[in-house]
Structure formats: C-alpha cells, structure tokens
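What the coordinates show
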Amino acid sequence: MALDVVKKESSFQAWVEHPASHIVHHDARCCEEARMWFLGYARSMQISALSRYELRAPTWLSQLFTWGPSAWPIAWCELVKMKTLDCGVFAALAREAFTAQGFEAHPAQALLSFNPTCTTHWKGLWKKPPKNPLPEPLKDQKKEKTHATFPWIGNEVVYHELCVLEMEGNQAKFYDSTWGNWFTPDQETGFGALLALRTECPRLLHWGDKIFSYGEWIDL
Amino acid sequence: MKKKIYITGMHSGQNPSSGLGIARCLRRAFPDVTLVGVDHTHGSSGLHDSIINEELLLPQWSQIQDDEHAAFIRARLEEGHLWIAALDMEVYWLSKHFGTHPHLLAPNKEALEFTAKPAVKILENWPVSSSAAGEFAEFQVPDYISANLPDAEIHSFLRTHCWQCWLKSPYHDALRISSWSVFERARAYLKSNWKTSNLFLQRNVIGNEETISFAAHQGQLLGAVHLEKLQLTPEGKTWAGRVKPLDESMSQNLGQMVQQLGWTGGGELEFVRDPDGRKWIIECNPRFPAWIYGSALMGANLPGKLISHLWKLPLLEAIKPSATFTRVVYEIPTKDAVGLPRPKDPSTFTWATDGKHGKGGPSFSALLPNLEEQSTSEVVPLLPLPPANLAAEISSIALFFSEETPSRISLPLWTQQIFETLHQKVQTYCATGKPRIQIGYSVKTSPTDHHLQAAKNCGFYAECITQKEVQRALNFGFAPHQIILNGPGKFWPLTDNPITGVQLLFCDSLEEFSRVLKAKEQPKTLGLRIQLPQIHSRFGNTLSNYQDFEGLLSALQDLKRIKRQPGLAFHFHMPSWSIGLKRWIEALESFLYWCKGLEQLCDLPVHTIDLGGGYFPEDLEKLNLAALGERVHSQLPQVKTLYLEPGRSLTQESEILFTRILDIRKNKNTKANSSEARAESDTEVIKEIVVDACIAELPLAQAFPHRIFFQEAGRVPSEVARVPLGVAHVPQRKTFALAQPGKARILGRICMEDDILGQNISIPPDVQIGDLVIFGDAGGYERSMSYGFGRG
C-alpha cells in the first residue's frame, strides 16, 4: 500500500489477506427454501414502472436488513431470520441479486478512510453481542461463533466488502451493497474515501484509468 | 463613465434564481467591476449581498410597461453597459419586446424556439459519437403529450406510463402526477399560476441528474462544464455536485449547436442519466444555472469567460480534475437602500408561512413576467368520435329518450359486441395457445341480468366474491363448475354450510386456507392469492418476510396430505389500470417466479393461474393473449388453465347515464382589453351547467374522464324515423353532439363540494334547461357502486 496511514493499522495484514465473504449453503431443504425466498423477494423488488432498465441495484437490501455485526460463517437458513447483517453478507446477497438479473457479479473488497471518532463508535457497536434473534435449534451451534467477527475496524481505515459488476468491454462497476451507492472512479477525499480496492473477478477489469486483476489490491 | 453589468433574477431562496451566482462569479473574476443587481420584487434576497455595488428594484412585472422597460434597457446598453438576463421568462420577454443587442447577453428568438421544451428540437441534429466510450453519444426526449389533448388520451398516456409523469409548464415548474385527481388539480394550478394553457405531460425518467452549462457569444462557445448533481433539495434543486470538464466529442457537438443557434449568453442542458447509461433530455435553459458559482470555485468561471471575451479582460483559471462543491445557508445583514417588504396581514392566510402572500418569501411565479400573450394560441384538438356502433346506439336511444332523469340505460348491442369480441379473441388464442385461457366474469362489477347473460352466452365463468354472489350466479344458471370464488369475504353471509364445491377457490389468508381444507366439499382447484412484495395491496398472502413464506410452504404441505387433493392454483390480482400495464407485466413476471419456486419446493404442480381483472377497456384490447400465455407456459409448463377476470373492461362502456340540465351559468368577457375583444364582450360563454345527476349515480366521475354527449330535448323532427337498434348510422343532426374539450364544467345536483361530474369541456352555446346531457362509460362500477342520495 502506498498510503502510510493504511500500513500503520494493526489489522492491515489481516485485511489484505482476507478473502471475500461467502454465504454457506447447507445443501439441504433449509437453505434451499431460504435462498428461494430471497431470490423471489429480490425479483419482486425489481418491479418498476420503468421496466426498460436492465440494471436494478438491490437498494432495498438496507430496508430489509440493518447494518451491524453478524457472526461468521453464516448460512442462508440463518440470515433470512436475522435483522442485522454485516457488509460481507450484504455484498454476498447483492451478488445473488445481480446474478439473478443476468449480470456477472463478483466479490470486491475496499479499504476506506474514516476519522478515529467514527471508528471508535463502530468498535463499540461491534463489541456488543449481535442483536439477531437466533432460533432455538441454532443457538447451541452459534455459541462458539457469536463473537467470531472479523476485525474490520482500524483507527483511521476500515475494511469493507462490495460487489463488482463486469460490464460490457470489461468495464467495472463497484456497488456498495450496504448503503446502496455506486462508487465512481473520480478521486475521492475525506469521509469514507476509497483508498484501495480488490476484486475477485477472474478477468481483467477497467475502472477509470485503473486496471484490476484477480485478487490484486489497487491503490486509488 | 465606468461600465456596469446589470444582472437580473437576484432572489436567492429555496428555489434560487441565477443572478446572485452570476454576480459572485463576476466578482471573483473581476474585483473592480460594477455590478448592478436587478429585480422586480422587494423580497429579492440576493440584492442585499455585499458583492452587489448597486441595487435596482423595479416594479413588479405585472406593473411593467413593456415599451418603457425596453427603452430603459436599450438606453443602458447604448451606454456600453451589459445586461445579463437570468430568468427564463425574462429571456422570452426580451426576445419579444426587445430583440437583440450586442450588449444584451441572452439568446435570440430563434435560439429559444429551437431549444424550447419538451422537444428541444436542436438536439435532433445532435451528432452521434462513433466512439462507444463517448460520454455523450446522444440525447433522447422522454415521451410527452400536450395537456390540451382530450382527457381520454391524457388518461391513456398516464396509464401507459404507470401514473409516473410530470405536468410541466413551458417555462418553469413541474408537478408529479400519480393519479387522475392529482392531474386535474395540478393542471388547474399550473394554468392559473403561469397563466398559460400550453402545459404538457412527460413521463418520469429514473436516474441521476446531470447538466451541461455553457457560455457563448454570437455563436462562439466560450466555455462549458459538466455537472453531476450529488445532492438535491426536495424541490429538485442542486445542493451539491461534482464539476467536470466536458469530454472532447461533447464539446465539439455543443460548439456546433451554439454556432447553429448563434447563441449569446449563458445556457444549460439538463438531462437524466438512467441506470442503463442513456441520457434523457429534460430541458435547455436559456441562462446560466443558479449553481454556476460552484463551477467557478472549481476553476470554470463561465460568466467570467463571457465578460472577459466581451471586454477583453484577462481571466486566468484552470479547472480542477474532479471537484465537488456544496451549498450552505447563511445570514447576511440587509441593506438599508433595499429594505424588506412589510409582511401582509396574516388573518386570511391558510398557513403562517404562506409563500405567496405571507412571510415565506416571494413565490417564484411572482418574480417573473407574464407571458400570457406570448403563448402560442391554444389549439385544442377535437375529441375523436367513439366507435361508430357505440355512437349509433347512444344517439338512437337519445333521440327518443323521454324517461325521468337521472336514468341509467343499457346498450345491449354494444355489450354484446364487447363480450363477443373478447370471446372470439380467446377462442382464436385457444386454437393453438397453451395454456387454455378461461374468462371469469367479475359479477361484482355489474350483476345485471343482461351482463350475466352475455357472460353465460360467451361461455365465461362467474367470478364471485360472496356467498350471495355465488347464489345469484347459480340461480342465473351457472353450474358450480363454472364458479370462481375469491376475495376476503367469500363466506359472507356466514352459514353452517357455505358453498365451497366450486371450480376454483382462492384463499386470502392461510387461516382461511386451513378452514377450507376441512370443509365438507372441496373445490376442484384450490389456491392462494399472493401479495407480492413491492406491490401494495391489502389482499392475499404476504411474502414480504421469511416467516410468512415458511407458513405458506407449510400450508401447501397440508394440501398434499388431504385425500381428494384439489389441484393447486395461485392468484395474482392488481388492477392494471391503477398501476399501469408495464408495471402489471413486471409484477406478473415476479408472480410467476414465486409460483415456480413454490412448485419446486413443494413438489406440487401448479395447475391453474388466475390473473384477476381491473383492466381498462382499451387496455384489455391491447393485451396480447398469446404473449401472456407464452409467459405463463415458459415458467410453469404444467399449468393447464389461465384465468382472466375482466369486469370493468366489459361493462364500463355498456351503459349510459341520462341527465337533464337544471341550470346554465354564463360568463361575460369582462377582462377584454383590445377593441376586438371589447366588441365581443357581449358574447356570453357558458362556464358551467348543473344537471340532475350527482356523484351518487356516477361515483367515479373524478376517477377517469367520461365521454359526454348533448341532446336537445323535445326537438325530434317528425321526418326522422326511429333508427332501428344495431344499424350503424349516426343521425347527422346538430342536436346530438359529443362534448369537446373546453373550459366549462358540469356540476351535480347535490350540495357537496366534490359533486363535479365533468371538467374541461365545452358546452354548446344553445343548450337550454331541460336538455339532455348523457354520460358515457357509466356501466361497471359506476352502476354497482352507485347509491341513493338526496332523493328525499
């Protein structure tokens, strides 16, 4: 990383080596039903009077779930009953929604700049146990992983998960599935500025004047 | 003498004009230049800004003498001063009353014609970039129509665009239209506020707003920037944005456009970039935008470039590569020389901050000149005649009508034609199409004998929503296997032995489903009505959370366990006329997706799909049955029957309501100014009539436009023989006439403020008390929802 501020962060190595999050499928009816419900819901939320648009970002995800700590690993049959999910689950769900629309969607990770006051609050939020109500059969299984959250919060930098779409001409579109925004290649500064990005797209992607190859962190 | 720059449009409120932004740009570029702020209202806040050297407060536009004002401006320009017009309507006023001048920085009349909204004709010649990556390849104009068209066409346009449109005036202001009543209110407001009839409706485009602002002098492009709006106010005004330089191809195209138009002054192309990246032009404004100082802060001072070019003043700047700005609100001391307007007495205000009259600041329309006379003369197209057979049947009945009024009369021939047309359409489809389509006539819409008979004759089933309706259908001769039972109150009135052994029964809740499974008699096919997420409805089984979905899966498992298992069906019902046909199709796709998923998860084939009714008559005609069948078959190949349940579309046109005129109210042209108009001022124009019907007989009078006919009473010439029913012959008599668009309205007989049965129509000048007014489209819900009122 070119930015000194990123390297100073104690979790720096963990961030850059962390693979993108994926949702577990139990290969059983429980997850099959849950995934079917999610995809049906996603299909309904695409209903628009302006149906000519091909690309419909799942901005409704943030109305369906609240952003906050959620334990990993997480399965389909668990997440559909939860109220609070972290950015990794948001990103994975957004990929499902985009893929169902026929787009090539891949995981993406980002390092973002925030001030220490902000990150202190998030650290406090993440210390609290997840608010998610757990169904009885899952409670015992979950005991061991309720605090298994990834240390995504640094002092002035945070780790975040996104979704990248592979568009025509190998152009990339980065979608922040947690907050429902598209990132643009224009240089950003200040609160929430993008410092670095990585994708898991198996092909080269172009974004502004940057080129992304699979798994490579790119300074911005 | 030191030259000055006069800048108009100085108000800086929640909907700011551009004047203050232009002044700030010029002060930034040329600290010593003399800036004169001009406005026509005392409350113009920008005049108080310290960057303005002089303030020129003129009378309100309504008090301005056009020749006097034009001479005043000309005198300033002849002295070498510059005049920058920052208001659209002022630019139009200048083009009409002033013309051009080398020191007047505003586009000329021709440029205004070619950039007028909604068409923005100049963009038709916009070169298409050959580069796929070209940022601005082309612009498209969102669909639009004149708001002067007959109401039936406007209603159709709004339905087509799913009630997501804007009603716009030709200069300023745009109001969201989401229903017919909203449209009627908005049309009246805009006509009154902007004193123009030249309104138009344009479909909404979802996307991000962007604009191109530019400065030009006599066709030479001096500079341009591209703005992405990042934050908007609730009024849709820019609050923050990112300023970028224009790309090369866009810059070339803009340069050509400016050259073609001989543009002088500032300008702005506003567009929306949709999620697929296409650019939809919203409008081309003939002045700098109000956010223009944000651009100057980022190194692109367009007003500065204009003045630098004209006065040969040096201006050095460099645009930052990607620069953002935001607006803030802050307070400044007022200038004694300007002062503030005294607030009006508040005792008659509706709200304490009434913007037009009170302390909320001047309303935008009050700041602008009145261009009423400049508006192109209003051309109101004639309402197209209804289908010949329908007109013939109405006129033949009207000629000899002598009953008491109000009176609802059936059109048996037209009814037969509508039912048979649909029957034939279905038969044609069923010859080759899969799945089979079966029509279920919606009994609630109009349970009259002649409608039930027409349905029965065509082989339609009866769709009932109560036990009483089931009984009515059975008594009329429908067999149990020809009955569909639906709705939340299907077991009303409560009995120990409700009828459940019908062809098709849809449950509105899982609780009801559970009870039906225990009933003595099972329907041949049992189903659930589905309430789709995103489509707001009070009916059916919701799928909006996972727990509900699990409940539905569990209920379907219960169905599998019963001995004589009925076939499985799902029902989706959302009136296409209220959500729009496009959105209805989208919802259908989503519904089929759910059905397919449920079928797979439960391992229970879906035999039947019911798509409900709620089609507007002309929408049902447009419905492509083959495409509909193919959609269902491709997702659910095991579906054998697809049910449609039209009611309104079959019956709405099949009855008419006869009324008589009780009162005729006229207007004198008292505001006539011209000698010609004064000469005509004795002509009385009918502004409204009162008829003996009311909203009790026509409860949906304000929900959609009705065709209205006039028939003189008691003037049937003896030589006109009664026209046999069914003969396609419209008597060529002036006494029977279809009401055309106009400015009058028809009031109902009761003392209720909302008892208005017709608006924006013209009333024949020779109507008399007792003449007949016939409301078409008075069948369907107009009949079944009518009620007794005001009859003593």
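Attention in this report is confined to the structure presented alongside it. Keep in mind the model is a prediction, meaning the values are calculated, not measured.

The subject of this paragraph is the overall build of chain A. Tallying secondary structure elements over chain A gives 8 helices and 10 strands in all. Per-residue burial for chain A yields a buried fraction of 39% across its 220 residues. At a minimum sequence separation of 6, the contacts of chain A that also span at least 24 residues come to 71%.

Counting residues at the interface gives 27 residues for chain B, matched by 23 residues for chain A. Contributing elements (two or more residues each) for the side of chain B that touches chain A: α15 (546–561) and α17 (581–602) of chain B.

Okay, helix α11 (residues 412–432) of chain B next. Residues and elements named next belong to chain B. Between its terminal C-alpha atoms α11 stretches 31 Å, which fits the 30 Å expected from 21 residues at 1.5 Å a residue. Those residues of α11 that sit buried are Trp-414, Thr-415, Ile-418, Phe-419, Leu-422 and Val-426. Take α11 and look down its axis: the buried residues cluster within an arc of 135 degrees, on one side only. The exposed set on the far side of α11, more than 90 degrees from its buried face, consists of Gln-424, Gln-427, Thr-428, Ala-431 and Thr-432. Where α11 is buried, its residues contact α10 (388–399), β16 (407–410), β17 (436–442), α12 (449–457), α19 (625–635) and α20 (648–651).

Bringing the sheet that holds strand β4 (residues 82–84) of chain B into the picture now. Residue and element names in this part refer to chain B. Taken in spatial order, the 5 strands of this open sheet run β3-β2-β1-β4-β5, and their pairing is parallel. Edge positions in the open sheet fall to β3 (54–57) and β5 (104–105), since each of these has one partner strand only. Examined bridge by bridge, strand β1 (residues 4–8) and β4 share 3 bridges and lie parallel to one another. Paired with Ile-5 across the strands is Leu-82, a residue of β4.

All names here are of chain B. When you tally the buried positions in strand β2 (residues 34–39), you get 5 out of 6 residues, the bulk of the element. For the crossover from β1 across helix α1 (residues 19–29) to β2, the handedness is right-handed. Across 4 bridges, β2 lies against β3 in parallel orientation. Counterpart to Asp-39 in the pairing with β3 is Leu-57.

Thresholds applied
- Residues numbered from 1 in each chain as written.
- Chains lettered and ligands numbered in written order.
- Predicted model: local features only at pLDDT ≥ 70, side-chain atom pairs only at ≥ 80, totals over all residues.
- Helix = DSSP H or I, 4+ residues; strand = E, 2+ residues; numbered from the N terminus.
- Buried ≥ 20, exposed ≤ 12 C-beta atoms within 10 Å, placed from the backbone.
- Contact = placed C-beta atoms within 7 Å.
- Expected span 1.5 Å × (residues − 1).
- Arc of directions from axis to C-beta.
- Pairing = 2+ DSSP bridges.
- Right-handed = clockwise from strand over helix to strand, strands pointing away.

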